[in-house]
Amino acid sequence: MRLKLDSRAPVYVQVIRYFKEQIASGALEKGKEIPSRRELANTLKINPNTVQRAYKEMEELGLINTEGNLPSKVTKDDVIIRQVREGLLTEAIDTFVTSVQALQIPLEEVIPLLKESYEKERESGGI
Amino acid sequence: MIEVKDITKSFGRKKVLTGVSFTASKGEITCLIGVNGVGKTTVLNAIMGLTSTNSGEILIDGKKINKESYEKITFIPDTITMLPTMRIHDAFEFMNDFYQSWNEERAKELLTFFRLQGHERISDLSKGNKAKVNLLLGLALDVDYVLMDEPFSGIDIFSREQIADVFTSHLIEDRGVIITTHEIKDIEHLIDKVVLLDNGIILKEFNAEQVREEQGKSIIDVMREVFRT
Amino acid sequence: MKNFFKLLNFEINRFMKLYVVLLVTVFVLQIIGTIIAAKGYMRMANNAVLQGGMSQLEFIETYEKFSISNALYSVWFLGPIAIGVTALLFYVFFIWYRDWFAKNTFIYRLLMLPTTRMNIFFTKATTIMLTVLGLVAFQIVLLVLHNNIIKWIVPKVYRIDLSIIEIANAFEYLSIIIPNGFAEFVIAYGLGFSFVVVIFTAILMERSFKLKGIILGLAYISASCLLFLSPYSIQYLITGKAYLYPEELFIVQIGIWIISVTVSLIVSRYLLKNKVTV
């Protein structure tokens, strides 16, 4: 598990985002156990209190569920997982669109380039 | 909670600390950062009752430091606190003799964690390993608060990584930790609270995560602002 | 109390190696001295009697019989005593300062022990007293050994045998370390103990106030010395003669030591608790 941390953004937000990406991509399957707070803090070299906060927030968002003293598990709720996926996608597209629009490039010109770049990335194993 | 209230300390005419106040809570890692000056170590010494102050008050869970406090709070200075002629297990025996809070099991666990051998003589250890033994002696006490003076300075990168690992492990548990450093890079994501100290004056006290969230600034950004003005 | 003994045991162990070296040095040098003196005497006697044609009686009349006193005033004998005294005096200071100035700052550990800090003071003072007494006891055993070596080298006709008590009485410098009587013992070691406590207090003053502390410490030592000497000096200075009986002087002295030790302990306790700095 690897996470390149941005020192200007709250660490707990970055942790949540990391989990969202893992869940959206399917790397973390639904219903799967996630590491304990201590384990994650240790792997990511971050403060255990921060992980605690991230887990609490994820619980509130319904991304993970904890029953009693058992390890937390990824939600089995497909609706939530879909929402996460859509949320991340919307965000990515928004960013993309903003940058492209700033360059004043028409959509027709962008789409073939986008396709080409996407294929290339996939072939090189990037996605 | 450790409460440092308005302490002032001078060596002769030189003022080392001027009206220093801050708090450190259990379950949090508080980092005392100073770019220059000797104030940081003096603050820790004062908390531990290892030096006198000219004015002000320091309370540990509401009480002034006394001999019983040393079962509740411990200090890991930047040099090892055992005799060079001792072997590691002699040091264990010494600690076990005097401290009720000494946890032999934890000590052995730490020994394995740091990949050290009990029969090694302290004087034969490398600088990094000495720092680890020093840390071990403090962490194997079942105390609520641990103070560490520059735990990362002057040792090799691998020892540094190992020591950083301690902070995220169960070995710290929910203790209150105060560490001093002049170099934040290795640990900026590990700490909860930052206290910026310069020439004996507290310039700023803040929660690292809060500053990131509310102002989008890194600890180093804040340091830049504070120390440059 | 348990902590006191654990700490005392620890303090003594720390000194053991050095102490054993010291005892061995004293042993070797003194024994060599006695052998040299006895052999030298016998060489002289043999030369005079066998080659010079002197009778044994004539030789004894001219040169006197050999006794341990022939060995006791040599450098071989006095040197080691001087070394021992110097080493222990040095150790009175070293026993504190090594904890601050060694590479490994043991003073942090000592001051952070969950026990009264006066235990540190008392264990260090006890260590000094025990090692002094140990050295004296060792010297007494050595005197017995000297006597036996002399018996072994010098034939009966040529020697006078002295018991330990006779030796201690005959040599004033030995009677200080080997007192012959309870009062003398109390005077010699009471003064020694008070002096150690006063010096420890001065050291703690220095460790608490650094430069100012040195001045304070020296002033404290000087004042204590004046106080120690006052029963003698005052009576001679004022009246020009002794006006206290020895028994009275003894009581006054004990009173002075009790006062000086008490004051020193109170000051030391305060300094250790509130002022001492790592």
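Residues numbered from 1 in each chain as written. Chains lettered and ligands numbered in written order. Predicted model: local features only at pLDDT ≥ 70, side-chain atom pairs only at ≥ 80, totals over all residues. Heavy atoms only, no water.

Enquirer: Outline the interface of chain C and chain B, supporting the account with residue identities and numerical values.
Expert: The interface is formed by 23 residues belonging to chain C together with 25 residues belonging to chain B. A combined buried area of about 2,400 Å² lies between chain C and chain B, and 61% of that area is made up of carbon and sulfur atoms. Linking chain C with chain B are zero salt bridges, by the criterion used here. Linking chain C with chain B are 10 residue pairs in polar contact (both at pLDDT 80 or more), by the criterion used here. Only α1 (2-51), α5 (106-111) and α10 (246-275) of chain C provide two or more residues apiece to the side of chain C that touches chain B. In terms of residue count, α1(C) provides more of the side of chain C that touches chain B than any other element does, five residues in total. (Contact = heavy atoms within 4.5 Å. Buried area = accessible area lost by both parts, 1.4 Å probe. Salt bridge = Lys/Arg side-chain N within 4 Å of Asp/Glu carboxyl O. Polar contact = N/O pair within 3.5 Å; in protein donor to acceptor, adjacent residues only side chain to side chain. Helix = DSSP H or I, 4+ residues; strand = E, 2+ residues; numbered from the N terminus.)

Enquirer: With reference to specific residues and values, describe the packing of aromatic side chains.
Expert: Counting across every chain of the model gives 25 aromatic pairs over all chains. On the numbers, 6.0 Å between centres and 10° between planes, the contact of C:Tyr97 with C:Phe101 is stacked. A residue pair is termed a helical-turn pair when its members lie 3 or 4 positions apart in one helix, as C:Tyr97 and C:Phe101 do in helix α4 (residues 75-101) at four residues. With relative accessibility at 58%, the residue C:Phe101 sits in the exposed group. An aromatic cluster is defined as three or more aromatic residues linked by ring pairs; in this entry it consists of C:Phe15, C:Tyr19, C:Phe90, C:Tyr91 and C:Phe94. A cation over an aromatic ring shows up here: C:Lys6 above the ring of B:Phe98, its NZ or CZ 5.5 Å from the ring centre. Sitting above the plane of the C:Trp100 ring, C:Arg207 keeps its charged end 5.1 Å from the centroid. (Phe/Tyr/Trp six-rings, centres within 6.5 Å; stacked < 30°, edge-to-face > 60°. Buried < 20%, exposed > 50% of the residue type's maximum accessible area, 1.4 Å probe, protein only. Lys NZ or Arg CZ within 6 Å of the ring centre and 35° of its normal.)

Enquirer: Account for the arrangement of the chains, with residues named and values stated.
Expert: Take the two pairs of chains in contact: the one carrying the most contacts is chains B and C. For chain A and chain C, which are not in contact, the least C-alpha distance works out to 29 Å.

Enquirer: Could you give an account of the domain arrangement of chain A, naming the residues involved and the relevant values?
Expert: Residue and element names in this part refer to chain A. We note that the domain assignment places domain 1 (11-76) and domain 2 (79-123) within chain A. The partner domain 2 presents six residues to the 10 residues of domain 1 that form the contact. At the boundary of domain 1 with domain 2, total buried surface from both sides reaches about 710 Å², with 77% on carbon and sulfur atoms. Our count for the domain 1 to domain 2 interface comes out at one salt bridge. Between Arg 17 and Glu 91 there is a salt bridge whose closest N-O contact spans 2.5 Å. Joining domain 1 to domain 2, the criterion identifies one residue pair in polar contact (both at pLDDT 80 or more). By residue number, the principal contributor to the side of domain 1 that touches domain 2 is helix α1 (residues 11-25), which donates five residues. (Domains from an automatic or database assignment.)

Enquirer: Could you give me a rundown of the interface of chain A and chain B, with the residues and numbers involved?
Expert: In this assembly, 18 residues from chain A lie in contact with 22 residues from chain B. Both sides of the chain A and chain B interface together cover about 1,600 Å² of buried area, and 43% of this is carbon and sulfur. Considering only the surface of chain A that becomes buried against chain B, A:Ser7, A:Arg8 and A:Arg38 emerge as the three largest contributors, covering 35% of it. At the boundary of chain A and chain B, one finds three salt bridges. For the salt bridge of B:Asp221 with A:Arg8, the shortest nitrogen-to-oxygen distance reads 2.5 Å. Taken together, the links from chain A to chain B amount to 14 residue pairs in polar contact (both at pLDDT 80 or more). Secondary structure elements with two or more residues in the side of chain A that touches chain B: α1, α2 (37-44) and α3 (48-61) of chain A. A per-element tally of the side of chain A that touches chain B places α3(A) first, with four residues. When its residues are assigned to classes, the side of chain A that touches chain B shows eight nonpolar, five polar and five charged. (Nonpolar A, V, L, I, M, F, W, Y, C, P; charged D, E, K, R; others polar.)

Enquirer: Mind laying out the sheet that holds strand β3 (residues 29-34) of chain B, listing which residues take part and the relevant values?
Expert: All names here are of chain B. Across the sheet, six strands lie side by side as β5-β6-β7-β3-β8-β9; this open sheet has mixed pairing. On the outer flanks of this sheet lie β5 (73-76) and β9 (201-207), each paired with one strand and no other. Averaged over all neighbouring strand pairs, the angle between strand axes comes to 15°, with direction disregarded. In the sheet, β3 pairs with strand β8 (residues 193-198) via five bridges, with the strands oriented parallel. Within β8, the residue paired with Cys 31 across the bridge is Val 194. Lying over the sheet, helix α6 (residues 208-215) contacts β8 and β9, oriented at roughly 70° with respect to β9. With respect to the sheet, helix α7 (residues 219-228) is in contact with β3, β8 and β9, its orientation differing from that of β8 by roughly 25°. (Pairing = 2+ DSSP bridges. Axes fitted to C-alpha atoms, helices over the stretch in contact; angles between N-to-C directions.)

Enquirer: Let's hear about the environment of C:Ile214: which residues, and what values?
Expert: With respect to the secondary-structure elements, C:Ile214 resides in helix α9 (residues 182-239). Spatially, the C-alpha atom of C:Ile214 lies 9.5 Å from that of C:Leu204, the residues being 10 residues apart in sequence.

Enquirer: Before we move on, could you go through the pairing of strand β2 (residues 14-24) of chain B and cite the residues and values that matter?
Expert: Along any regular strand, the residues point their side chains to alternate faces of the sheet. Residue and element names in this part refer to chain B. In this sheet, β2 lies alongside strand β1 (residues 2-11) in antiparallel orientation, the contact comprising seven bridges. Note that in β2 the partner of Ile 7 across the bridge is Val 20. Here β1 hands over to β2 after two residues, with Gly 12 in that stretch at a positive phi of 65°.

Enquirer: Summarise the sheet that holds β1(B); cite the residues concerned and give the values.
Expert: Residue and element names in this part refer to chain B. Ordered by their spatial adjacency, three strands build an open sheet running β2-β1-β4, and the pairing between neighbours is antiparallel. Where the open sheet ends on each side, the last strands, each with one partner, are β2 and β4 (55-60). Each strand axis lies, on average, 20° off the axis of its neighbour in the sheet, ignoring direction. For β1 and β4, the ladder comprises five bridges, and the chain directions are antiparallel. By the bridge assignment for β4, Thr 8 is matched with Ser 55. Sitting on the sheet, helix α1 (residues 39-47) is in contact with β1, β2 and β4, with an inclination near 60° to β2.

Enquirer: Give me the lowdown on the nonpolar core, citing residues and values where you can.
Expert: Core analysis: the biggest nonpolar cluster contains 123 residues, and B:Phe22, B:Ile47, B:Met148, B:Phe167 and C:Phe200 have the highest contact counts within it. Looking at which element gives the most residues to this core, the answer is α9(C), with 10 residues. The residues that make up this core include at least three from each of domain 1 (1-178) and domain 2 (180-278) of chain C. Every residue in contact with B:Met148, bar those within four places of it in the chain, is listed here: B:Leu44, B:Ile76, B:Leu135, B:Leu139, B:Phe167, B:Ile172, B:Val177, B:Ile178, B:Ile179 and B:Thr180. (Core = buried A, V, L, I, M, F, W, Y, C linked by side-chain atoms within 4.5 Å.)

Enquirer: Tell me about the UniProt feature "domain: HTH gntR-type" (unreviewed entry) in chain A, and name the residues and values.
Expert: Under the present numbering, the feature "domain: HTH gntR-type" (unreviewed entry) in UniProt falls on residues 9-77 of chain A. End C-alpha atoms of residues 9-77 of chain A are separated by 29 Å, and the span's content is 54% helix alongside 6% strand. (UniProt positions renumbered as here; feature names shortened; annotations may be inferred.)

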